[in-house]
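Each chain, letter by letter, is given below.
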Amino acid sequence: MTDSPIGSSSSRLVAVLGPTNTGKTHLAVERMLGHATGMIGLPLRLLAREIYDRVVKARGARDVALVTGEEKIVPLSPRYWVCTVEAMPLDRKVAFLAVDEIQLCADPERGHVFTHRLLHARGTSETMLLGAATAAPLIRRLAPEFVIQSRDRFSQLTYSGSKKLTRLPPRSAIVAFSAEAVYAIAELIRRHRGGAAVVMGSLSPRTRNAQVALFQSGEVDFLVATDAIGMGLNMDVDHVAFAALRKFDGRRTRWLHHQEIGQIAGRAGRYRRDGTFGVTGDAPEMDAEIVAAVEGHAFAPLTAAEWRNARLDFSSLAALMRSLAAPPPKAGLKLSDESQDETTLRQLAGDELIARRCRDRANLARLWDVCQTPDFRKTSQEEHTRLIGGMFEHLTQKNRRLPDEWMQGQFAPLDRLEGDIDMLSTRLARVRTLAYVANRGDWLAAPAHWQGRTRALEDRLSDTLHEQLMKRFIDRRTSALLKTLNQRGGPILGGIGADGAVTVEGHRVGTLSGAHFEPERGASPLEDRVLRGAVERAVAPEIARRLGALAADDDEAFALKAGGRLAWRGVAAGEIVGGGLFAPRVRLNGEFGAAAARERAERRLEAFVAAEAGRRFAALAQLRAAIADGRFKGLARGLAYLLVEHFGVLDRRLAETQVRALSRSERRTLKGLGVRFGAFSLYLPALTTHEARLLGEPFAALARPGWRPAADALTALPHPMPPPEALALRGLRAVGGFAVPAAALERLDALAREADPAAAGAIRATPQLLAELGWKPGQAEPILRGLGFARARSKGGEGEVDLWRRRASPDADAAKPVASPFAALAPFAKPAAARRRARRKSARRRAAAGGANG
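Keep in mind that what you see is a predicted model, and the values were worked out from it rather than measured. (Residues numbered from 1 in each chain as written. Predicted model: local features only at pLDDT ≥ 70, side-chain atom pairs only at ≥ 80, totals over all residues. Heavy atoms only, no water.)

What to know about the overall build of the chain
The number of helices and strands found in the chain is 30 helices and 37 strands. Put simply, the chain has 854 residues, and 49% of those count as buried. Just so you have it, the chain exposes about 39,200 Å², and 52% of that area is on carbon and sulfur atoms. (Helix = DSSP H or I, 4+ residues; strand = E, 2+ residues; numbered from the N terminus. Buried < 20%, exposed > 50% of the residue type's maximum accessible area, 1.4 Å probe, protein only. Areas by Shrake-Rupley, 256 points an atom, 1.4 Å probe, with all protein chains shown as cover.)

Below is the structure:
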């Protein structure tokens, strides 16, 4: 740097000052493009890249150069230079020169660079300083030749108080002051609002631009950022929310200055659209004084500019350090505190090898040049000093260049794309250091080669980091659906694939099977709500059509599946949930569709189940009908009633007296209706078929929830005893503490008779017989006792035989007649022969009485 003004003394000098959203930067770019040549210095690499892209679009890439610490794009003969303030090539003469955010001349870390530009950087025709109005008194004091122009903000900025993070309005930027806080807030926004873009000063321009594009396009409505957004990054932000009012400035944690709050809050509102600012999270409410200052853009003026001597003495290492500490030459300037490059120089000055090499003036100048390498890696001062010391040693020996081997050794560990956000960010920071080195043309033998490699690696890492940020902080499906749903009344782009997959705005939201829609499960309550909203708009018409088709379809379109599930045209439609066998209650699958349409569909499924019950349980239905229409009289009617009451399976001993009293005609009638008079049961064999049990099972399960006996094997009975329908509708009977298939009991009788026709009703419980039935000896004994048998061991030709005979009278465990409206018929249930004898005796008495009277 030199201390003399660069440019013509006749240059037009203008300072355009005012709050954010006054169009200052836009004005400077337009003024620059009005000159044949120009240069603009910007406070951030991110902003420099944004302005570079704008100027390239206006003038073409051949006429525009980009110069930052880590990146140089310099065509053969550029007319316009877009730079960071530190990287401005002031040895180039240009007609127009501008410096943005000139109020940073008071910044403790970078201020001395901005002060140098304020004092010495000039265009040959026009020089323009851009910044906050707080810099006006200082500019008048240090550079009175500048004409100050004030500009008013295009829109109003008002304070809206404190809001919860989850209640912030769309198009909000949430500002935090550490990467950890930014990530935590972005995670919360993702869970509750669909996602957020992330902007931090440490991001590469490529990653930052990709993240900003997500916000600008409306794919996400929230931006979480550090105070990097305060420096001219133009976005469509309506509200700025501060998640904290304190930050660590590199030395200490302090409260934000009023001017800093105003700079950041000023990003709210674009051009003529008003903006708001406030606090969120744990940030306290802003004081009335701060609010008034920000809303009125009235801040305390700057009193001094940071300054560091630019006329350095390279006669010796000690002289260089003394010249860096020289006091400012005039009032209004403040000697800057020792910055990192000075600290690094001081630490390296104690190294004997470096001190010896610095006796050479060229080496000393090279040392100071290397010490100004920024610590993009944000490592410890000691580690940074070691890096600078190693570079200096290479640059002051042999060909005075950094060896390719050294660059490759630094580059190779970074050339990887795996890892999480923190790992990728760290890798990118280290690549920035290599990019800075590569852009120092006299430090490498092949600078263009390394510039290309570092730029390509930075691009790859930037793209990967962008993808990782999206994956972690944006639920793209939820975000896209929210955007669509917020367009009330607008069209929604949805479709149903051949496999039933339903998509909305290109994202799968569920599967439509028949009239039932199964939504995708969201990762959060927000996503579930959004999915439902999208489905209701995209799928509701098709669901309504299908529900109507289901309600109007024939029985052939429906099918009964295991567990009481119902299918319509091959896909699940509903399930049996209650009611009776002949008056079922059905629940339609899913919850989408109008209530009236769903009710009609449910009634149709219930009608199908009732029809199936009438077909599969026809024998039981006929018995019910015969009782109702009076086809049965007396004992036959009572017996039919008992069978119906027990759902078609009845312990014969409960009605043995009535059975013996039936006439042949009554027996024929009952048999004609499907009743079988078995050895142990009165039952309806048609009800024990697989088809009948398939329908009976869900009703049996509803009668005793949670109990699922085996269909064709013994199952221990639970306590309390299941009701009759829980057994009979499965073809079972309760015997000896087991649920036993009624058909198995009749098979027991048949096998016993076949094995010993002369046994006169006795049962020989041989191993062969039990094996045929699938019973174990420990199961057979309680069952036989429950059937009214008692053990009567006898000697046979092959030894002792396990023989069981019927007891003369049932014991305490035997079945007892159940209460029935027809129990009153029991006293009259005499054998038919006894009834005939009684009738003949009564006729003789009447005849005798008649003769006596005659």
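Some thoughts on the pairing of strand 5 (residues 80-84)
Burial runs high along strand 5: 5 of the 5 residues are buried. Burial of strand 5 is two-sided: the residues Tyr-80, Val-82 and Thr-84 facing one way and the residues Trp-81 and Cys-83 facing the other way are all buried. Note that strand 2 (residues 38-42) and strand 5 share 5 bridges and pair parallel. Considered in strand 5, the bridge of Gly-41 is made with Cys-83. Judged from the 4 bridges that link them, strand 3 (residues 64-67) and strand 5 form a sheet pairing that is parallel. Within strand 5, the residue paired with Val-67 across the bridge is Cys-83. (Pairing = 2+ DSSP bridges.)

Here's the deal with the sheet that holds strand 34 (residues 789-791)
One open sheet holds the 3 strands; their spatial order is 33-37-34, and the pairing between them is antiparallel. The open sheet has two edge strands with one neighbour each: strand 33 (763-764) and strand 34. Examined bridge by bridge, strand 33 and strand 37 (residues 803-806) share 2 bridges and lie antiparallel to one another. Note on strand 37: the bridge partner recorded for Arg-764 is Leu-803. The strands touched by helix 29 (residues 777-786) within the sheet are strand 33, strand 34 and strand 37, with strand 34 carrying the most contacts at an inclination of about 130 degrees. (Contact = heavy atoms within 4.5 Å. Axes fitted to C-alpha atoms, helices over the stretch in contact; angles between N-to-C directions.)

A few points about the sheet that holds strand 12 (residues 222-225)
Across a sheet, paired strands are connected by hydrogen bonds in the backbone, their directions being either parallel or antiparallel. The parallel open sheet is built from 6 strands, whose spatial order is 9-16-13-10-12-11. Bordering the open sheet on either side are strand 9 (157-163) and strand 11 (197-199), each of which pairs with just one other strand. The sheet shows a mean angle of 25 degrees between the axes of neighbouring strands, direction not considered. Across 4 bridges, strand 13 (residues 239-242) lies against strand 16 (residues 275-280) in parallel orientation. Counterpart to Phe-242 in the pairing with strand 16 is Val-279.

Overview of the packing of helix 9 (residues 317-324) against helix 12 (residues 361-371)
Following both chains from N to C, one finds helix 9 and helix 12 inclined at 45 degrees, their axes separated by 10 Å at the closest point. Regarding the angle of helix 9 to helix 12, the classification is oblique. Where helix 9 crosses over helix 12, the handedness of that crossing is right-handed. Residue-level inspection shows Leu-317, Leu-320 and Leu-324 of helix 9 in contact with helix 12, the latter providing Leu-364, Leu-367 and Trp-368. Its residues assigned to classes, the contact of helix 9 with helix 12 comprises 6 nonpolar, no polar and no charged. (Parallel < 35°, antiparallel > 145°, perpendicular 65-115°, else oblique. Left-handed = near helix turned anticlockwise from the far one by under 90°. Nonpolar A, V, L, I, M, F, W, Y, C, P; charged D, E, K, R; others polar.)

Re the confidence of the model for the chain
With 86% of its residues at a pLDDT of 70 or more, the chain has an overall mean of 86. pLDDT under 50 marks residues 810-831. Its contacts with residues more than four places away, or in other chains, come to 30 contacts. (pLDDT = per-residue confidence, 0-100.)

Notes on the pairing of strand 25 (residues 571-580)
Note: strand 24 (residues 565-568) against strand 25, 4 bridges, orientation antiparallel. The partner of Trp-568 across the bridge, within strand 25, is Val-571. Hairpin connection between strand 24 and strand 25: a loop of 2 residues separates the two successive antiparallel strands, and Arg-569 in this loop has a positive phi of roughly 50 degrees. Two elements, strand 25 and strand 26 (residues 583-588), share 6 bridges in a ladder whose sense is antiparallel. If you follow Glu-575 over to strand 26, its bridge partner there is Arg-587. Between the antiparallel neighbours strand 25 and strand 26 lie 2 residues.

A closer look at the packing of aromatic side chains
Within the structure shown, the criterion is met by 7 aromatic pairs. Arranged with centres 5.8 Å apart and planes meeting at 65 degrees, the rings of Phe-411 and Trp-450 form a pair that is edge-to-face. One end of the pair, Phe-411, is in helix 14 (residues 404-411); the other, Trp-450, is in helix 16 (residues 447-473), and 39 residues separate them in sequence. In this pair, the class of Phe-411 matches that of Trp-450, namely buried. An aromatic cluster is present here, built from Phe-376, Tyr-436 and Trp-443 joined pairwise through their rings. Positioned above the aromatic ring of Phe-677 is the side chain of Arg-667, whose terminal nitrogen or guanidinium carbon lies 5.0 Å from the ring centre. (Phe/Tyr/Trp six-rings, centres within 6.5 Å; stacked < 30°, edge-to-face > 60°. Lys NZ or Arg CZ within 6 Å of the ring centre and 35° of its normal.)

A few points about the side chain of Asn-439
On the secondary structure map, Asn-439 appears in the loop between helix 15 (421-438) and helix 16. There is a polar contact of 2.9 Å between the side chain of Asn-439 and the backbone oxygen of Glu-70. For Asn-439, the contacting residues outside a window of four places in its chain are Gly-69, Glu-70, Glu-71, Lys-72 and Gln-451. (Polar contact = N/O pair within 3.5 Å; in protein donor to acceptor, adjacent residues only side chain to side chain.)

A look at the side chain of Thr-84
Considering the arrangement of structural elements, one finds Thr-84 in strand 5. Under the relative-accessibility criterion, Thr-84 is labelled buried at 8%.

Observations concerning the packing of helix 2 (residues 45-59) against helix 6 (residues 205-216)
In the contact formed by helix 2 and helix 6, the axes pass within 9 Å of each other and the chain directions differ by 75 degrees. If you check the angle between helix 2 and helix 6, you find them roughly perpendicular. On the side of helix 2, the interface is formed by Arg-45, Leu-46, Arg-49, Glu-50 and Asp-53, while helix 6 contributes Pro-205, Arg-208 and Asn-209. Residues that form the contact of helix 2 with helix 6 fall into these classes: 2 nonpolar, 1 polar and 5 charged.

Here we look at unusual backbone geometry
With an omega of 0 degrees, the peptide bond running from His-719 to Pro-720 counts as cis. By secondary structure assignment, the location of Pro-720 is in the loop between strand 30 (715-716) and helix 26 (724-728). We note that Glu-101 has phi near 55 degrees; this positive angle belongs to a residue other than glycine. If you trace the backbone, Glu-101 turns up in the loop between strand 6 (96-99) and helix 3 (111-120). Of note, Arg-569 is a non-glycine position whose phi angle comes to about 50 degrees, a positive value. Structurally, Arg-569 can be placed in the loop between strand 24 and strand 25.

Examining the environment of Ala-243
Following the sequence through the fold, Ala-243 ends up in the loop between strand 13 and strand 14 (246-248). A C-alpha to C-alpha distance of 5.8 Å links Ala-243 and Val-175, two positions 68 residues apart in sequence. Setting aside chain neighbours within four positions, we find Ala-243 in contact with Ile-174, Val-175, Ala-176, Ile-185, Thr-280, Asp-282 and Ala-283.

A short note on the environment of Leu-635
Within the secondary structure layout, Leu-635 lies in helix 22 (residues 634-645). A sequence separation of 27 residues divides Leu-635 from Leu-662, and the C-alpha atoms of the two residues are 6.8 Å apart.

Thoughts on helix 13 (residues 381-395)
For helix 13, which comprises 15 residues, the first-to-last C-alpha distance of 21 Å matches the rise-based estimate of 21 Å (1.5 Å per residue) to within 8%. Residues of helix 13 that are buried sit in contact with helix 10 (340-349), helix 11 (352-357), helix 12, helix 14 and helix 15. (Expected span 1.5 Å × (residues − 1).)

Observations regarding the pattern of salt bridges
Counting across every chain of the model gives 53 salt bridges. With a closest N to O distance of 3.4 Å, Lys-334 and Glu-306 form a salt bridge. Highlighted residues: Lys-334 in strand 18 (residues 333-335) and Glu-306 in strand 17 (residues 305-307), separated in sequence by 28 residues. A relative accessible area of 35% places Lys-334 in the partly exposed class. Salt bridges sharing common partners tie together Arg-45, Arg-49, Asp-53, Glu-70, Glu-71, Arg-432 and Glu-458. (Salt bridge = Lys/Arg side-chain N within 4 Å of Asp/Glu carboxyl O.)

Here we look at helix 21 (residues 618-629)
Look at helix 21: 16 Å from first C-alpha to last across 12 residues, which is about the 16 Å you get at 1.5 Å a residue. Taken together, the buried positions of helix 21 are occupied by Ala-619, Leu-620, Leu-623, Ala-626 and Ile-627. What you see down the axis of helix 21 is that its buried residues fit within an arc of 120 degrees, all on one side. In the core, the buried residues of helix 21 are packed alongside helix 22 and helix 24 (664-672). Gly-630 occupies a position one or two residues after helix 21 and carries a positive phi of about 80 degrees. (Arc of directions from axis to C-beta.)

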